[in-house]
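These are the residues of each chain, in order.
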Amino acid sequence: METKSEHACFGGIQGVYTHASEATGTDMTFGLFLPAEAKDGPVPVLWYLSGLTCTHENAMTKAGAQGWAAEQGIALVFPDTSPRGDGVADDEAFDMGQGAGFYLNARQEPWAKHFQMWDYIAEELPTLIGAEFAVDLERQSITGHSMGGHGALTLAMGLPGLYRSVSAFSPICNPTNSDWGRKQFTGYLGKDEGKWAAHDASLLMAEQGFDGPMLVDTGTSDQFLDLLRPETLAEAAAKRRQQSIIRMQPGYDHSYFFVSSFMEDHVTFHAEALYAG
């Protein structure tokens, strides 16, 4: 692992690191904020998964999360959204390929060789961070924005017991019925729609739900509402009687101005779960 940068930040350290990934077969870069408490021992971890076109850097510099995480003594991990580099498949559109891995394991060529983001986020990167830094992997929670909100919700429901809480900002809630999903799932997973359900938060909620608390915020002025389909997740959660807070925030759009406005709520929400018991 190579240290790209480290900066003092709210009494802790905001670092950026690169490593060779076995899951993706490429070099991967991630950001990691460690609060001051990490000097004295392992701290809980909150994963932040970013959206389409983003890298590890977007949320790290725009979400305003470090100050709130420092108050709660929580580490923040900012992974990249896909494998990158020469020889990595890409698409001319912004919504597939490099920058748009959708947090799944691709099964179709030319994507399968590198686009193994589910395994990277759920297994490889936690193992690496747990070995190299003072983090407590028995206390993990996960959040994300847009495509990253989709990833956070599907990973949390698809891996029961791994995360103590889940939240999302403007998540893609029903990708099997959205242009932000059908194209990508066909390319990554194939035409058999039966294989898509494991990566659809609304279908997962209806089928099994999440074994912990959930918080979801979406703006009423989000320019992508018809693609996000938040009503499908809300309906499924209500039918399941899922422990959840699902809010439509008046006047907010899809930007990081929205994310940063509610970041304190989300970090505090996760802190309650991470420090419970």
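See the structure shown above.
These notes cover the structure that comes with them.

What counts and what doesn't
Residues numbered from 1 in each chain as written. Predicted model: local features only at pLDDT ≥ 70, side-chain atom pairs only at ≥ 80, totals over all residues. Heavy atoms only, no water. Helix = DSSP H or I, 4+ residues; strand = E, 2+ residues; numbered from the N terminus. Rg over C-alpha atoms; globule rule 2.2 N^0.38 Å. Buried < 20%, exposed > 50% of the residue type's maximum accessible area, 1.4 Å probe, protein only. Lys, Arg positive; Asp, Glu negative; His and termini not counted. Charge placed at Lys NZ, Arg CZ, Asp CG, Glu CD. Contact = heavy atoms within 4.5 Å. Salt bridge = Lys/Arg side-chain N within 4 Å of Asp/Glu carboxyl O. Axes fitted to C-alpha atoms, helices over the stretch in contact; angles between N-to-C directions. Parallel < 35°, antiparallel > 145°, perpendicular 65-115°, else oblique. Left-handed = near helix turned anticlockwise from the far one by under 90°. Nonpolar A, V, L, I, M, F, W, Y, C, P; charged D, E, K, R; others polar. Pairing = 2+ DSSP bridges.

### Remarks on the overall build of the protein
For the protein, the count of helices and strands is nine helices and nine strands. Taken against the 2.2 N^0.38 rule, which gives 19 Å for 277 residues, the C-alpha radius of gyration of the protein at 17 Å falls within 12% of a compact globule. For the C-alpha atoms alone, the extent of the protein along its principal axes is close to 50 × 45 × 35 Å. Taking all 277 residues of the protein together, the buried fraction comes to 59%. For the protein, the centre of its 17 positive side-chain charges and the centre of its 36 negative side-chain charges are spaced 5 Å apart.

### Details of the side chain of histidine 199
Within the fold, histidine 199 resides in the loop between α5 (182–189) and α6 (201–207). Histidine 199 sits in the buried class, given a relative accessible area of 10%. Not counting residues within four places of it along the chain, the set of residues in contact with histidine 199 comprises Tyr103, Leu104, Trp118, His150, Thr154, Pro175, Phe185 and Leu189.

### Here we look at helix α2 (residues 65–72)
Among the residues of α2, Ala65, Gln66, Gly67, Ala69 and Ala70 are the ones counted as buried. For α2, the secondary structure elements touched by its buried residues are β1 (2–9), β2 (12–20), β3 (27–34), α1 (57–62), β5 (75–79) and α9 (256–274). Glycine 73 sits one or two residues past α2 and shows a positive phi near 70 degrees.

### Description of the pattern of salt bridges
The full count for this structure, using the stated rule, is nine salt bridges. Of the charged contacts in the structure, one is a salt bridge between lysine 183 and aspartate 95, with a shortest N-O distance of 2.8 Å. Of this pair, lysine 183 sits in helix α5 while aspartate 95 sits in the loop between β5 and α3 (117–132), and the two are 88 residues apart along the sequence. Residue classification places aspartate 95 among the buried positions, given a relative accessible area of 11%. Across the pair arginine 247 and aspartate 265 runs a salt bridge, and its minimum N-O distance is 3.1 Å. Of this pair, arginine 247 sits in strand β9 (residues 244–249) while aspartate 265 sits in helix α9, and the two are 18 residues apart along the sequence. Classification of arginine 247 by relative accessible area gives partly exposed; the value is 26%. A residue is classified by how much of its surface remains accessible, and aspartate 265, at 35% relative accessible area, is partly exposed. One continuous salt-bridge network, built from bridges that share partners, spans Asp91, Asp95 and Lys183.

### Quick look at the packing of α2 against α9
Here α2 crosses α9 at 30 degrees, and the two axes come no closer than 9 Å. Judged by the angle between their axes, α2 and α9 are roughly parallel. For the crossing formed where α2 meets α9, the hand is right-handed. Here α2 contributes Ala65, Trp68, Ala69 and Gln72 to the contact with α9, which in turn contributes Met263, Glu264, Val267, Thr268 and Ala271. Tallied by class, residues from the contact of α2 with α9 come to six nonpolar, two polar and one charged.

### A closer look at the packing of α3 against helix α4 (residues 147–158)
At a minimum axis separation of 12 Å, α3 and α4 run at an interaxial angle of 65 degrees. Helix-helix and strand crossings are classified by hand; for α3 and α4 the assignment is right-handed. Along the contact surface, α3 presents Trp118, Ile121 and Ala122, while α4 presents Thr154, Leu155 and Gly158.

### Section: unusual backbone geometry
Backbone torsion omega between glutamate 109 and proline 110 reads 10 degrees, so that peptide bond is classified as cis. When you line up the elements, proline 110 lands in the loop between β5 and α3. Residues other than glycine seldom take positive phi values, yet phenylalanine 10 does so here, at roughly 50 degrees. In this structure, phenylalanine 10 sits in the loop between β1 and β2. Using a relative accessible area of 58% as the deciding quantity, one classes phenylalanine 10 as exposed. With a phi angle near 55 degrees, tyrosine 103 is a residue other than glycine that sits in the positive phi range. Tracing the sequence through the fold places tyrosine 103 in the loop between β5 and α3.

### Topic: the pairing of strand β4 (residues 43–49)
Counted residue by residue, β4 has seven buried out of seven residues, so it is predominantly covered. The pairing of β4 with strand β6 (residues 135–144) spans six bridges and is classified as parallel. Its bridge partner lying in β6, valine 45 is registered against glutamine 140. Looking at chain direction, β4 and β5 are connected through three bridges and run parallel. Among the inter-strand pairings, leucine 46 is bridged to a residue of β5, identified as leucine 76.

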